[in-house]
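# Residue-level structural notes
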Amino acid sequence: MKLSPGAFQFNNSWNSFFWNFFIFGCFTLALAACSRNQSKEPANTLHLVVEAKLKGLDPILAEDRYSGTQSAQAYETLLQFHYLKRPYVVSPLLVEKLPDVSADGKVYTFTLKKGVLFQDDPCFKSTGGKGRELVAEDVVYSWKRLADPKLTSSGWWILDGRVVGLNAWRDRASKNGEKHYTEEVDGLRALDRYTLQVKLTQRSAQFLYLITMPFAAVVPHEAVDFYGKEFLNHAVGTGPFRLAEYHPTSKVVWVKNPTFRKEVYPEEGAPGDHEAGLLADAGRTIPFADQVDVQVFVEQQPMWLSFLAGQLDISGIPKDNFSSSIGPGQELAPDLLAKGIRLIKQPVADVTHLSFNLEDPLLGKNKLLRQAMSLAFDQNTFNEIFYNGRAMAAQGPIPPGTDGYDVNFKNPYRQFNINKARELLAKAGYPGGKGLPPLEYATLAGSSGRQQSEFTTKMFAAIGVKLNTNTYSWPQFLETIKNKKAQIWEFAWGGDYPDGENFLQLFYSKNASPGQNDSNYRNPEFDRLYELALTLPEGKQRTETYQKMVRILVEDCPWIFGSHRLSYILAQKWLKNYKPNDFSHSNYKYYRVDPRLKK
Amino acid sequence: MFAYIVRKLLSTIPTLLGVALIVFALFNLVGGDPTYQMLGRHANAQQIEEVRHEYGFDQSRPVQFLNYLKQIVTFDYGRSYSTRQSISQMIGDGIVPSLSLMIPAFLLTTLLSIAIGLGAAYFRGKAIDRVTVILCIFGMSLPMLGYILFGQYFFAFKLGWFPISGYETAWPDRVQYIIMPMVIFVLVSLGYDVRFYRTAILEETSQDYVRTARAKGLSEPVIFFRHVLKNSMVPILTNIVIEIPLLILGAFLLESFFGIPGLGSITIDAVNNSDFPVIKAMTTLVAFLYILGNLATDVLYTLVDPRVRLK
């Protein structure tokens, strides 16, 4: 066959190539289609999401919320925050009841539940892989791991300086290594198989909150010894789920733990829970789901589409999809309502802020300048632009729902007022910004950091304050701040537990950089009240002390208080018992899928 | 040839040393101290010192550099600062998903682009050639993100032909997750590759031997497939082999949006987190593969062009 350039035809070899290619393509598609139709999971499987890659399942390394939540499905703590009750209350998890506390408030005695078993695992060599019973020595061992300097846990702060003898043990541990674990700590003792005694260095109202965090979860020493450095990729706890698949960058699969003790769904909740159907399963045995598939989504579009396609049970609303999902009255869009999707709104226990470095000679000595800048920052507009209105302007550091929050308090320096800001700036010695050098503003590299810095620059320019923006990677950003090299920067703090102290510690002078008080705020009266509040039990006096401290902060203005964000979460109609809880980490056991509604 | 290969392999030593020096200098100048990130906002001065000591950040720079060189030799980079995972394990886990996506995508791109490039060159100046060039420019102009967003919304969400995102380690379940990112990779890469191969083939068609072949009365398909294509293989091979080492890095955007746990995202995460051990491992690995790729190209030249001799 003769071919000419003007009339090109495929010869036999081309035909053959394309046919082969076509057949291969069809085969591949058919294979893919077949494999998609093969559903191997139980009908009541939960399909959940984490929005970041996981950093391991070892509880002492569970430094971010995502890793902590996954770790908490297998590893349990002595106490937990009640799933339904609000305000948040601590309730027993691995213990029979809340601990007995000595009269001086320094000695806590915990009684462990009997018959709690670690999950079956090859690490239990002496029992042929059968999980053994959890005992008080396991708690002692686990908390010593948290203190072990060789393991460099970022969670050490929850016990640092609080337990008698533990800091001294830690200092010796760096020299003696593993052998040191046999040395007793006076303040941390197993009195018998089921009784744990903890002696505190001073009365601490926060201690019980702190030990609900995943860092304090109990692990068996056999698993740590058996898996060595790979322990972070295994989960051998007492929890309701056991690990079936673990791919920290893409997927985690949990299955029901067959040796989990008898636990039931809460029988009491907060007002409104009954009406919301959250008590319909009261008293029923948990966990409900036979399997939990957790998919890692680092991008929002695929997560959102997967939710809309019914492949995820819960989702947040990406910023770009907010206007199509939520109406002007903050109600759910009709098409989503028609699918039975529920919108659940809840304040997040956090605070965003612009920090001033008070060790900076210019900013540190000029309170009026800081107050003027605080008045010039229009938080409501910021919230509309950057959070789609899903945030409330903060009047101080303590968020709603947290002890110390005063719903009636209005921060006089956070009511946007350009004229008053100009007035204060003039009093500060810089009328119209004259004579004030540009301030160095640190932000994170990336579109969000850039957009927010542009907004901030514009706000301050309105009163004549100029900013030089410096963008950094996250490690550079932290290094700059911790080494006191920045003047102003944006930051946020998510609460670890629902107590004002967790937010006020950010201003305690002994926590100055490189500690968490990175504004390097120092005020003796604030410090005195902080130290007093640490020893006060929950109650009116402590709440009033927190509120006094907030008023001192507001006047001194070490931060421009930003927002407390609101979470907007969507849940599918088949997901039952879902209630957001900022401080409880092992909530999967309460969720229930109704397969009939999923069809 | 053997002597040439040995000599080439020996030349990797100074190259890798240079790469190591540049990476080390860059990290120490602009990378940021990972200690604060590892410990979070609750860290105190004592803990910071402990971590710096534990990870050797308190050692002198020359000692740190020597440790780095030792790691290159042993290929034992320890554990990631950020995820605390074994780096060899991370690479081992990531390389299969990356290659599962990239090898078929690359092969398909190469086959299609050579075929289309050849066709376009064959029809040079005709409508089909012009349309091909326009389509190539169009394909190159659209960012990969555009293809991804459209593909996920239309083909996965609306039509349900493919999963929106996800990955399975088992075959054949994995296939369904690979198809759409693979097709997107092919579409994005075709524009550049077709234009490159078309130009390489056209350059060859202007050679004297082509005129001679036509004068002898050989048919155009014979000229193209037997002579032009073979003689165009040197630039084609160069382009192909240079791309091969980069395949292990995967395609970061595709991996992120499709939830494929490959090496592309591991590398980007490492850069964002100042995770120096991972950066060191990946840089050295890619540099080494790149050198090997160049060596393979040289050897392949001798196979496709008998005039080439390795000395």
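The present account deals with the structure reproduced in this document. Position labels on residues start from 1 in each chain and follow its written sequence. All chains are assigned letters beginning with A, and all ligands numbers beginning with 1, in the order in which they are written. This being a predicted model, a pLDDT of at least 70 is required before a residue's local features are given, and a value of 80 or more before pairs of side-chain atoms are given or counted; all residues contribute to the totals for chains, interfaces and linings. Computation of side-chain values: all heavy atoms of the structure, hydrogens and water removed.

Residues belong to a common nonpolar core when they are buried Ala, Val, Leu, Ile, Met, Phe, Trp, Tyr or Cys residues joined through side-chain atoms within 4.5 Å. Relative accessibility under 20% of the residue-type maximum defines a buried residue, over 50% an exposed one, and the middle range a partly exposed one, all with a 1.4 Å probe and only protein chains included. Counting 93 residues, the largest nonpolar core has Leu-78, Phe-110, Trp-143, Val-198 and Phe-207 of chain A as the members making the most contacts within it. Only heavy atoms enter the contact rule, under which two residues are in contact if any of them lie within 4.5 Å. With sequence-adjacent residues up to four places away left out, Phe-207 of chain A is seen in contact with Tyr-108, Phe-110, Trp-143, Leu-159, Val-198 and Leu-200 of chain A.

A few words on the pairing of strand β8 (residues 241-247) of chain A. A regular strand carries its side chains on alternate faces of the sheet. Residues and elements named next belong to chain A. The rule for pairing is simple: two strands pair if DSSP sees at least two bridges between them. In DSSP terms, a helix is any run of H or I states spanning at least four residues, a strand is any run of E spanning at least two, and both are numbered starting from the N terminus. Alignment of β8 against strand β9 (residues 251-256), held across six bridges, turns out to be antiparallel. Bridged to His-247 within β9 is Lys-251. The hairpin formed by β8 and β9 contains three residues between the paired strands.

All names here are of chain A. Assignment of secondary structure puts Arg-162 in the loop between α3 (136-147) and α4 (166-176). In this structure Arg-162 is buried but unpaired, with Glu-501 as the nearest side chain of opposite charge at 5.1 Å. A polar contact is formed between the side chain of Arg-162 and the backbone oxygen of Ile-158, at a distance of 3.0 Å. The sign given to each residue is positive for Lys and Arg and negative for Asp and Glu; His and the chain ends receive no count. Note on definitions: salt bridges are taken to be side-chain nitrogens of Lys or Arg within 4 Å of carboxyl oxygens of Asp or Glu. For the purposes of these results, a polar contact is taken to be a pair of N or O atoms within 3.5 Å, where, inside protein, one atom must be able to donate a hydrogen and its partner to accept one; residues adjacent in sequence count only when each atom of the pair is a side-chain atom.

This part is about the packing of helix α6 (residues 127-141) of chain B against helix α8 (residues 173-205) of chain B. Residue and element names in this part refer to chain B. One can describe the packing of α6 onto α8 by two numbers: an axis separation of 8 Å at closest approach and a directional angle of 140°. Classified by the interaxial angle, the pair formed by α6 and α8 is oblique. Between α6 and α8, the contacting residues are Asp-129, Thr-132, Val-133, Cys-136, Ile-137 and Met-140 on the first element and Gly-191, Tyr-192, Val-194, Arg-195 and Arg-198 on the second. For this classification, Asp, Glu, Lys and Arg are treated as charged, while Ala, Val, Leu, Ile, Met, Phe, Trp, Tyr, Cys and Pro are nonpolar and the rest, including Gly, are polar. Broken down by class, the residue content of the contact of α6 with α8 amounts to six nonpolar, two polar and three charged. The angle between two axes is taken between their N-to-C directions and runs from 0 to 180 degrees, where each axis is a line fitted to C-alpha atoms and a helix contributes only its stretch in contact. For classification, angles of less than 35 degrees are called roughly parallel, those exceeding 145 degrees roughly antiparallel, those between 65 and 115 degrees roughly perpendicular, and all remaining angles oblique.

What follows covers unusual backbone geometry. Among all residues except glycine, the phi angle is most often negative; among peptide bonds, the trans geometry is most common. All names here are of chain A. Looking along the chain, the bond that leaves Arg-86 and enters Pro-87 is cis, with omega of 0°. With respect to the secondary-structure elements, Pro-87 resides in the loop between β2 (79-81) and β3 (90-92). Residue Pro-514 is bonded to the preceding Ser-513 through a cis peptide linkage, with omega at 10°. Tracing the sequence through the fold places Pro-514 in the loop between α16 (501-504) and α17 (524-535). A positive phi angle, near 70°, is found at Asn-577, a position not held by glycine. Among the structural elements, Asn-577 can be located in the loop between β22 (575-576) and β23 (592-593).

A separate point is the sheet that holds strand β19 (residues 488-494) of chain A. Residue and element names in this part refer to chain A. Reading across from one edge, β18-β17-β19-β15-β20 is the order of the five strands in this open sheet, with mixed pairing throughout. In the strand order of this sheet, the two ends are held by β18 (467-472) and β20 (559-561), each with one partner. Averaged over neighbouring strand pairs, the angle between their axes works out to 30° when direction is ignored. Sheet topology note: the strand β17 (residues 439-444)/β19 ladder contains two bridges and is parallel. Directly across from Ala-442, in β19, lies its bridge partner Trp-489. Docked against the sheet, helix α14 (residues 447-461) engages β15 (350-356), β17, β18, β19 and β20, running at close to 155° with respect to β17. This element, helix α15 (residues 474-482), spans β17, β18 and β19 of the sheet and lies at about 105° to β19.

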